[in-house]
Amino acid sequence: MAGKRTLVVDDEKLIVKGIRFSLEQDDMKVDCAYDGEEALEYARANQYDIILLDVMLPKLTGFEVCQQIREFSNVPIIMLTAKGEDMDKILGLEYGADDYITKPFNILEVKARIKAIMRRTEPKRIMGETPAAKSVERGDVRLDCEGRRAFIAGKEIGLTAKEFELLELLMLNPDKVYSRESLLKLVWGVEYPGDVRTVDVHIRRLREKVESNPSEPRYVHTKWGVGYYFQV
């Protein structure tokens, strides 16, 4: 993680101080913000490799900050929440978050999640699937796998890290049906504590960006009772 830049956002200064100290021990560059508006200012003014974002913030909530960041950036975002209810976690994912950690947390868990996301967002071979390609094109959809950019009919669309990885995996293996459990393991990793609803949320968001009519998908299809697959 050396040299990577992160933004830590939390109104509890002791938490921010602890996270910052620990990440700087791994030679990461750390900026800190203590409310939603300050977080947005930092996110607009700088390029980050990852953002740690608390849900309960003054001025703007973490969900609002996440949603607004997604209008201009696909930087991986980990939500920090003191609430353990599943709906709060799913809501965070709906707004474009890539992962979540429930407080109180161990800093080693935070660092493990950061490392896992950074591994997944590097161009690579995906868990024994088709070797990584520089680009892949199916129908009007084209992926620049090295630059991690997606295009529909030549027009670039903004995908989060997880949305890109889902689409990349499905496009590299057309017509292959993946169960929700398999997608969760391949894209989020075996250590991810969430459940298969996370996959459904991301597939729905992906369709909203890729499909002209998400209710009648042209590319990302459902095999009822089995899972999802890509087909032109």
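In case you missed it, the structure is sitting above this.
What comes next concerns the included structure. Every value quoted in this text rests on a predicted model; they were computed, and no experiment measured them.

## Some remarks on the sheet that holds strand β2 (residues 29-33)
Inference 1: Ordered in space as β2-β1-β3-β4-β5, the 5 strands form an open sheet in which the pairing is parallel. Every other strand in the sheet has two partners, leaving β2 and β5 (99-102) as the edge strands with one partner each. The sheet shows a mean angle of 20° between the axes of neighbouring strands, direction not considered.
Inference 2: Both strand β1 (residues 5-9) and β2 contribute to a ladder of 5 bridges, which runs parallel. Along β2, the bridge assignment pairs Arg5 with Lys29.
Inference 3: On the sheet, helix α2 (residues 36-45) packs against β1, β2 and β3 (50-54) and is oriented at approximately 145° with respect to β2.

## Regarding the environment of Val141
Inference 1: Its location among the elements puts Val141 in strand β7 (residues 141-144).
Inference 2: Spatially, the C-alpha atom of Val141 lies 9.9 Å from that of Glu211, the residues being 70 residues apart in sequence.
Inference 3: Non-local contacts of Val141, meaning those with residues more than four positions away in its chain, are made with Val136, Phe151, Ile152, Leu167, Met171, Val210, Tyr219 and Phe230.

Scoring rules and cut-offs
- Residues numbered from 1 in each chain as written.
- Predicted model: local features only at pLDDT ≥ 70, side-chain atom pairs only at ≥ 80, totals over all residues.
- Heavy atoms only, no water.
- Pairing = 2+ DSSP bridges.
- Helix = DSSP H or I, 4+ residues; strand = E, 2+ residues; numbered from the N terminus.
- Axes fitted to C-alpha atoms, helices over the stretch in contact; angles between N-to-C directions.
- Contact = heavy atoms within 4.5 Å.

That's the geometry; what it means functionally is another story.
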